[in-house]
Amino acid sequence: MAVTKAGEEVTEVRNAGDYVYTFTGKGNYTGTKEFPVNIKKAELIVIAPNATKTYDATAAVEDDEFEELTYSGLQKGDHVDLGELKVVDVVTVPANAINVGEYTLTIDVTEFPEQENYEISKTNTLPGTLTINPAAPVKISFHKDAKFGKQYSQKYDLSFTADDLAVEDGELIDGLAKAAPLLVLSREEGEDVGDYTLNINFATTPKATAEAVATFKKNSEDVTFGTGTFTIVPLEAALKVSIAAASSTYNGKAPQLAWADDLSNMVVTGLPAGKDKAGIFTTLPTITIVDDDDNVVTDATAKS
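Residues numbered from 1 in each chain as written. Predicted model: local features only at pLDDT ≥ 70, side-chain atom pairs only at ≥ 80, totals over all residues. Heavy atoms only, no water.

1. Focus: the overall build of the protein
Step number 1: A tally of regular secondary structure across the protein gives three helices and 20 strands.
Step number 2: Across the 304 residues of the protein, 29% fall into the buried class.
Step number 3: If you take every contact in the protein between residues at least 6 apart in sequence, the share linking residues at least 24 apart comes to 62%.
Step number 4: By element, 48% of the accessible surface of the protein is carried by carbon and sulfur atoms, the whole surface being about 20,000 Å². (Helix = DSSP H or I, 4+ residues; strand = E, 2+ residues; numbered from the N terminus. Buried < 20%, exposed > 50% of the residue type's maximum accessible area, 1.4 Å probe, protein only. Contact = heavy atoms within 4.5 Å. Areas by Shrake-Rupley, 256 points an atom, 1.4 Å probe, with all protein chains shown as cover.)

2. Section: the packing of aromatic side chains
Step number 1: Applying the stated criterion to the full structure yields five aromatic pairs.
Step number 2: Between Phe-202 and Phe-225 the ring centres are 5.2 Å apart and the planes differ by 75 degrees, which places this aromatic pair in the edge-to-face class. Here Phe-225 lies in strand 17 (residues 223-225) and Phe-202 lies in strand 16 (residues 194-202), a separation of 23 residues in the sequence. Taken as a pair, Phe-202 and Phe-225 share a single burial class, namely buried. (Phe/Tyr/Trp six-rings, centres within 6.5 Å; stacked < 30°, edge-to-face > 60°.)

3. A look at the pairing of strand 16
Look at any regular strand and the pattern is simple: side chains alternate between the two faces of the sheet.
Step number 1: The sheet contact formed by strand 15 (residues 183-187) and strand 16 spans five bridges and is antiparallel. When the sheet's bridge partners are listed, Leu-183 is paired in strand 16 with Phe-202.
Step number 2: Counting the residues in the hairpin turn of strand 15 and strand 16 gives six residues, including Gly-190, whose phi is positive at 145 degrees.
Step number 3: With six bridges joining them, strand 16 and strand 18 (residues 227-233) adopt antiparallel strand pairing. By the bridge assignment, Asp-195 is partnered in strand 18 with Thr-231. (Pairing = 2+ DSSP bridges.)

4. What about the sheet that holds strand 14 (residues 165-169)?
Step number 1: Strand order in this open sheet of three strands is 14-12-17, and the pairing throughout is mixed. Both outer strands of the open sheet, strand 14 and strand 17, are each paired with one neighbouring strand and no more. Taken pair by pair, the neighbouring strands of this sheet meet at an average axis angle of 35 degrees, ignoring direction.
Step number 2: Relative to strand 17, strand 12 (residues 138-142) runs parallel, the two being bridged by three bridges. (Axes fitted to C-alpha atoms, helices over the stretch in contact; angles between N-to-C directions.)

5. Here we look at the environment of Lys-53
Step number 1: Within the secondary structure layout, Lys-53 lies in strand 6 (residues 51-54).
Step number 2: Sequence separation of Lys-53 and Leu-130 is 77 residues, and the distance between their C-alpha atoms is 7.8 Å.
Step number 3: Residues within four places of Lys-53 in sequence aside, it is in contact with Thr-58, Ala-59, Ala-60, Val-61, Glu-65, Leu-130, Thr-131, Ile-132 and Asn-133.
Step number 4: A distance of 3.1 Å separates a polar side-chain atom of Lys-53 from the backbone oxygen of Thr-58. (Polar contact = N/O pair within 3.5 Å; in protein donor to acceptor, adjacent residues only side chain to side chain.)

6. A word on the confidence of the model for the protein
Step number 1: Scored by pLDDT, the protein has a mean of 86; 87% of the residues are at 70 or more.
Step number 2: Of the regions scoring below 50 in pLDDT, residues 300-304 engages in eight contacts with residues more than four places distant in sequence or in other chains. (pLDDT = per-residue confidence, 0-100.)

7. Concerning a negative patch on the surface
Step number 1: Judged by side-chain charge, Glu-62, Asp-63, Asp-64, Glu-67, Glu-68 and Asp-89 come together as a negatively charged surface patch.
Step number 2: Here Glu-62 lies in the loop between strand 6 and strand 7 (70-72).
Step number 3: Its relative accessible area of 49% is what places Glu-62 among the partly exposed residues. (Patch = residues over 30% accessible without salt bridge, like charges linked within 9 Å, V, L, I, M, F, W, Y side chains within 5 Å. Salt bridge = Lys/Arg side-chain N within 4 Å of Asp/Glu carboxyl O. Lys, Arg positive; Asp, Glu negative; His and termini not counted. Charge placed at Lys NZ, Arg CZ, Asp CG, Glu CD.)

8. A closer look at the pattern of salt bridges
Step number 1: This structure, assessed with the given rule, holds eight salt bridges.
Step number 2: Between Arg-14 and Asp-78 there is a salt bridge, and its shortest N-O distance comes to 3.2 Å. Within this pair, whereas Arg-14 is found in the loop between strand 2 (8-9) and strand 3 (17-24), its partner Asp-78 is found in the loop between strand 7 and helix 1 (87-90), the two being separated by 64 residues in sequence.
Step number 3: Each member of the salt-bridge network shares a partner with another, and the members are Lys-150, Arg-187 and Glu-191.

9. Things to note about the sheet that holds strand 11 (residues 128-133)
Step number 1: Spatial ordering of the open sheet is given by 6-11-9-8, a layout of four strands whose pairing is mixed. Two strands close off the open sheet at either side, each with one partner strand: strand 6 and strand 8 (91-92).
Step number 2: In this sheet, strand 9 (residues 101-107) lies alongside strand 8 in antiparallel orientation, the contact comprising two bridges. Paired with Val-91 across the two strands is Ile-107, which belongs to strand 9.

10. Regarding the environment of Val-100
Step number 1: Mapped onto the fold, Val-100 is located in the loop between strand 8 and strand 9.
Step number 2: Along the chain, Val-100 and Ala-135 lie 35 residues apart, while their C-alpha atoms are 8.7 Å from each other.
Step number 3: Ignoring anything within four residues of it in the chain, the contact list for Val-100 reads Tyr-55, Ile-132, Asn-133, Pro-134, Lys-218 and Asn-219.

Printed below as a string of structure tokens:
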């Protein structure tokens with residue numbers, strides 16, 4: 001008996017294809033008889049690989065982030081020849097696979113090379129899973145040149161831009177321009193001249209929806225914030241201080257005038273609206289009496 005495949009004699013009948021078994025008579029028998037035998041290709045189902053990456057604000061997945069392709073129906077010891085194809089060439093990553101989470105990967109087998117023993121199913125494939133893990137922790141703080149403050153008694157706001165911020169530690173994948181609209185500033189309470197702690201935190205405003213903030217938090221393993229300084233400086237205002245009209249009885253000495261405990265005899269003009277004169281002095285001004293020539297009066301006979 002001889003076995004041929006495509007006109008060539010073979011010694012092993014294992015792979016898919018058309019074979020011809022030829023039997024030749026011996027002894028009392030002459031002639032030959034051929035028997036065609038067809039071994040069909042087995043169906044092979046390709047299973048999309050799993051993949052894992054760290055959040056990078058893109059839907060790109062590198063070849064080395066994919067696991068190997070696997071197959072349903074592949075016989076033990078066999079392998080699939082992909083030729084020049086790489087896994088990344090045949091796996092479809094969803095366009096929305098950007099934020100931290102799990103996404104379904106599909107496989108496109110239309111470009112697979114023909115296999116000797118397997119018919120790759122074009123309609124029956126199995127999905128894989130892409131897992132995107134959070135980026136490393138990051139700390140957002142204030143830029144060294146950022147200045148926040150006001151003059152005493154003046155109104156203020158805590159508006160800011162991305163240029164006022166800085167990444168103190170770690171790497172902010174999304175960038176400060178994207179982060180800034182999701183943040184809000186607040187400061188330590190106090191209205192007196194001095195320095196107050198300035199804080200950064202997440203906001204929920206029309207520009208920073210709860211969903212946007214939640215997504216931003218999810219994409220980093222941990223987001224923390226540094227602190228800055230809000231400085232209140234003395235008011236640059238022209239104040240005029242005088243004493244209310246006063247009189248005394250002659251006693252041979254120059255009158256001794258003093259501020260009332262409640263400063264009721266102090267007249268201050270130029271104060272900001274809503275501010276009380278009692279809060280503007282750390283040291284009360286000295287009272288002197290001068291004559292018509294602006295000379296300080298030192299004895300009781302001088303003009304008052």
